[in-house]
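Geometric and topological summary
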Amino acid sequence: MPEAISYERVGDIAVLKAQNPPVNALGYDVRVGLVEGIERAEKDEGVRAVLIYGDGSTYFAGADIREFGKPPRQPHLTEVCNRIESSPLLVVSSIHGTALGGGLEVAMSTHYRIAVPSAKVGLPEVLLGVLPGAGGTQRLPRLTGLDAALDIITTGRHVKAKEALDLGVIDKLEEGEPREIGLAYVQELLDSGAPRRVVSELPAPAPIDFDAVYESVLKRGRGQISPATAVRAVQGSVEKPFAEGLKYERELFMELMGTDQRQGLIHAFFSERQVSKLPELKGVEPRPLNSIGVIGGGTMGAGIATSALLAGLPVVLLEMTPEAAAAAQGRIEGNLSGALKRGKISQAKFEDMTQKALTVSTDYAALSDVDLVVEAVFEEMGVKKTVFGKLDEVCKKGAILASNTSYLDVDEIAASTSRPEDVIGLHFFSPAHVMKLLEVVVADKTAIDVVATGFALGKKLGKISVRAGVCDGFIGNRILKTYRTAADHMVLDGASPYQIDKALTDFGFAMGPYAVGDLAGLDIGWATRKRLAGSRDPRERISIYPDKMCEAGNFGQKTGKGYYIYEAGKRAGVPNPEVMELIEAERAEKGITPRAFSDEEIVRRYMAAMVNEGAKVLEEGIARRPLDIDMVFLFGYGFPRYYGGPMKWADLQGLPGLLEDIKTYAKEDDFFWQPAKLLEDLVAEGKTFDDLNQAAG
Ligand code: 3H9
């Protein structure tokens, strides 16, 4: 293992190279190495300057996040930065890859910065629930002024090298190897007699109305506190001398370090990277994936096709009639022109995708040569089987046959073909070219290289892919059905759909369940209820009024009326008074005396139902790890990222209290509220869901 920071002497320049793969995170060894490197250079006879750069793919990508939550070890990064900045030698950074968080903080404490044009810089700490804690909030405003600094710090966005140059964060751009361009730049600075440029000594910007900025950033955070707290730290850079500002920044940093939000966001960061790493896929070669077919050009099929085209895959889209094919083509072009308008693709790419990469056909034979087909046709087993029968006939040997079903039995679909090993579920979320989640549904006989290809496709499309087993609704929709039922029970018992939606958006959900229902289409739930009516347990409490809404033709946004009434052109609706009338009539009919629910109780019950069902999904192996469920909810269901996902939220709340709640609710309805055995076991053993994540490796 090489030293974390290597030391080399090149003429009168000392070169410090970071060697801490994969991203040169500023862990303990690197921090110590930097301080020792600077000290050695200062003692090294004849050294006039120091160059700092990173080995491998990047400069420092930030503090080592794995150290968060553990007792801090000296030297803190702030001290390292101050030590670098105060060196009497001229210290220069040469940046490639990314200089993020602590990485940019180190760079700003060096006296000059050169970067390759492909480099990116940023202070993404707020996205991890903290704020720049090693001088970033004090130095950046001195370099860029307040507007840019506040934008960069509160959004955490990555800033491209050219913009960073224009903003004064970087002093020079140059193509080349970081060591070589760095050495040449240091030499140039030495030759020109450039003075040490100490950022902390630059004048602070003039004050602005920080309270107003704080309020607006707080509002934009929708419950997330780190961006707004960072505003206060930046305020410190203007109102306090540098050393005091630094102290204030540290206090706020430590405050955020102690929050649940920090834990939730870090959990989300690592889980996002962990979720597609499955032990059984190690070393498994995916099948070739050079073209895909999509069956059905409705919203979902068109979205899947758009997503594939945007990822550079040629697509053959199949529809039943020329009219439907033309409509599908129009939908895809509409989606792509949105990408064009937002500057995501060029006009040339748009034309290439719509005219060359996309083929629309009404003939199954057009699918004979594609590597993978996803069907997105009507959710009915008979229809699916007919489609898969045809695919079995026309698709080439080894082609993957995927169903985008949301809840149907993929084993049964697979069994209807002569090649069940090639069949898999690929459950996209609507709109498929926007939503990041992909459930890769593995059926009993699915071949392992088909699973690997499902994940490879997800990666190519930029999705977060989660492995799911077969059951009604897989991971997400199965859990959704349960917590939605908990909400429906609360409505029967006295809460209104509007209070529930509000309580849950206040909790941090992007939308409440009833607004989501209106968006997705109330006819979907209606169809499911009708499908399940025959197999329903008589002990199940159900509401009739949603069926009445559907019978009256009120399907939500698409009909202009559902739980809410939608004015043309407006996305948000106003409560539909007819709904409360229907609910009140049903309560009267069932002899229910409505009671009041506090927002807290609404959240508690809703979340208890979600977590309990999540535990059952784990118990049955439908999801392998709690983090898989967490990622499904962050990327497919608008769950607030700062809680890390429902299972992480449950850990943070404490599992014993949650189990206690479920047992209390079971006294009213012991059919619905049956505690998951896994939850009971975890509580009995004093363990958390995260322990299961760790055990899974
Ligand atoms: C901070 O700096 C606080 C300071 O202000 C104050 C201190 C007092 N630490 O993403 P990838 C791992 S906060 C530890 O797949 P890419 C990652 O888990 C930090 N590990 O690669 C993965 O591991 P594995 C501010 C880290 O090329 C591997 O590296 N900085 C860290 O797609 C490869 O990562 C950030 O927030 C880390 N900081 O993207 C930057 N970063 O292979 C966070 C990564 O075992 N990082 N790993 O799964 C990133 O945004 C991306 O990783 C990056 C590379 C863009 C750098």
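Here, the structure is the one placed above.
So, here's what we can say about the structure. Worth saying up front: this structure is predicted, and the values here are computed from it rather than measured.

Let us look at the pattern of salt bridges. For the coordinates displayed, the defined rule picks out 47 salt bridges. Across the pair E67 and R31 runs a salt bridge whose closest N-O atoms are separated by 3.0 Å. With E67 in the loop between β3 (49–54) and α2 (77–85) and R31 in helix α1 (residues 28–43), this residue pair connects regions lying 36 residues apart in the sequence. Overall, E67 belongs to the partly exposed group, its relative accessible area being 28%. In this structure, the salt-bridge partner of E620 is R478, at a minimum N-O distance of 2.8 Å. Of this pair, E620 sits in the loop between α24 (599–619) and α25 (626–636) while R478 sits in helix α18 (residues 476–493), and the two are 142 residues apart along the sequence. Under the relative-accessibility criterion, E620 is labelled partly exposed at 47%.

Taking strand neighbours across the sheet as the criterion, the six strands line up as β1-β2-β3-β4-β6-β9 in an open arrangement whose pairing is mixed. Each edge of the open sheet carries a strand with a single partner, namely β1 (5–10) and β9 (172–173). Bridge count for strand β4 (residues 90–95) against strand β6 (residues 112–115) is four bridges, and the pairing is parallel. Its bridge partner being in β6, S94 is matched across the sheet by I114. Contacting β1, β2 (13–18), β3, β4, β6 and β9, helix α7 (residues 178–191) crosses the sheet at an angle of about 160° to β3.

On to the site of the ligand, then. Around the ligand, the structure places 25 residues, and the nearest of them are G102, E105, E125, R273 and K277. Take G102: an N or O atom from its main chain is 2.7 Å from an oxygen atom of the ligand. Its free accessible area being 1000 Å², the ligand has 74% of it covered by the protein chains. Counting only elements with at least two residues in the shell around the ligand, the list comes to β5 (98–100), α3 (102–109) and α11 (260–274). Examining the composition of the shell around the ligand, we find that three residues originate from one element, α11, more than from any other. Tallied by class, the residues present in the shell around the ligand amount to 14 nonpolar, five polar and six charged.

Moving on, we come to the side chain of S291. Its location among the elements puts S291 in the loop between α11 and β10 (292–295). Each residue touching S291, except ones within four places of it in the same chain, is listed here: L313, P314, D369, V370, D371 and L372.

Attention now goes to the side chain of T453. With respect to the secondary-structure elements, T453 resides in helix α17 (residues 448–460). What makes T453 buried here is its relative accessible area of 0%. Other than its neighbours up to four places away in sequence, T453 contacts P286, R287, L289 and I400.

With that settled, consider the sheet that holds strand β12 (residues 358–361). Here eight strands make up an open sheet; going across it, the order is β12-β11-β10-β13-β14-β15-β16-β17 and the pairing mixed. This sheet does not close on itself; its edge strands, each paired only once, are β12 and β17 (464–468). Between one strand and the next, the sheet's axes are offset by a mean angle of 25°, whatever the strand orientation. The pairing of β10 with strand β13 (residues 372–375) spans four bridges and is classified as parallel. Within β13, the residue paired with G293 across the bridge is V373. On the sheet, helix α13 (residues 322–341) packs against β11 (315–318) and β12 and is oriented at approximately 155° with respect to β12.

Our focus in this paragraph is unusual backbone geometry. What is expected of a backbone is that most residues other than glycine have negative phi and most peptide bonds are trans. A cis amide bond links P21 with the next residue in sequence, P22, at an omega value of 5°. Mapped onto the elements, P22 comes out in the loop between β2 and α1. The phi angle at R222 is positive, at roughly 40°, despite the residue not being glycine. Look at F474: it is not a glycine, yet its phi comes out positive at around 55°.

This brings us to α13. Taking 1.5 Å per residue as the helical rise, α13 with its 20 residues ought to reach 28 Å, and the 28 Å between its terminal C-alpha atoms agrees with that figure. For α13, the full list of buried residues reads A325, A328, I332, N335, L336, G338 and A339. For α13, the angular spread of buried residues about the axis comes to 145°, placing them on one side. Those residues of α13 that are exposed and aimed more than 90 degrees away from the buried face are P322, E323, A326 and K341. In this structure, the buried side of α13 is in contact with α12 (299–310), β11, α14 (347–357) and β12. Looking at the residues trailing α13, positive phi occurs at G343, about 75°.

Its location among the elements puts T664 in helix α27 (residues 655–666). Taking relative accessible area as the criterion, T664 reaches 41% and is therefore assigned partly exposed. Spatially, the C-alpha atoms of T664 and S337 are 53 Å apart, while their sequence positions differ by 327 residues.

At a closest axis distance of 8 Å, the pairing of helix α8 (residues 210–220) and helix α9 (residues 226–239) adopts a crossing angle of 160°. Relative to α9, the element α8 lies roughly antiparallel. Where α8 crosses over α9, the two elements pack in a sense that is right-handed. Across the interface between the two elements, F210, D211, V213, Y214, V217 and L218 from α8 touch P227, A228, T229, V231, R232, V234, Q235, V238 and E239 from α9. Of the residues in the contact of α8 with α9, the class split is ten nonpolar, two polar and three charged.

This next bit is on helix α4 (residues 136–144). Every α-helical turn comprises 3.6 residues, leaving residues that sit three or four positions apart pointing alike. Within α4, nine of the nine residues are buried, which leaves it mostly tucked inside the rest of the structure. Burial in α4 covers these residues: G136, T137, Q138, R139, L140, P141, R142, L143 and T144. After α4 finishes, the residue G145 shows a positive phi value of roughly 90°.

Calculation criteria
- Residues numbered from 1 in each chain as written.
- Predicted model: local features only at pLDDT ≥ 70, side-chain atom pairs only at ≥ 80, totals over all residues.
- Heavy atoms only, no water.
- Salt bridge = Lys/Arg side-chain N within 4 Å of Asp/Glu carboxyl O.
- Helix = DSSP H or I, 4+ residues; strand = E, 2+ residues; numbered from the N terminus.
- Buried < 20%, exposed > 50% of the residue type's maximum accessible area, 1.4 Å probe, protein only.
- Pairing = 2+ DSSP bridges.
- Contact = heavy atoms within 4.5 Å.
- Axes fitted to C-alpha atoms, helices over the stretch in contact; angles between N-to-C directions.
- Near = heavy atom within 4 Å.
- Polar contact = N/O pair within 3.5 Å; in protein donor to acceptor, adjacent residues only side chain to side chain.
- Areas by Shrake-Rupley, 256 points an atom, 1.4 Å probe, with all protein chains shown as cover.
- Nonpolar A, V, L, I, M, F, W, Y, C, P; charged D, E, K, R; others polar.
- Expected span 1.5 Å × (residues − 1).
- Arc of directions from axis to C-beta.
- Parallel < 35°, antiparallel > 145°, perpendicular 65-115°, else oblique.
- Left-handed = near helix turned anticlockwise from the far one by under 90°.

What is shown is where atoms sit, not what they do.
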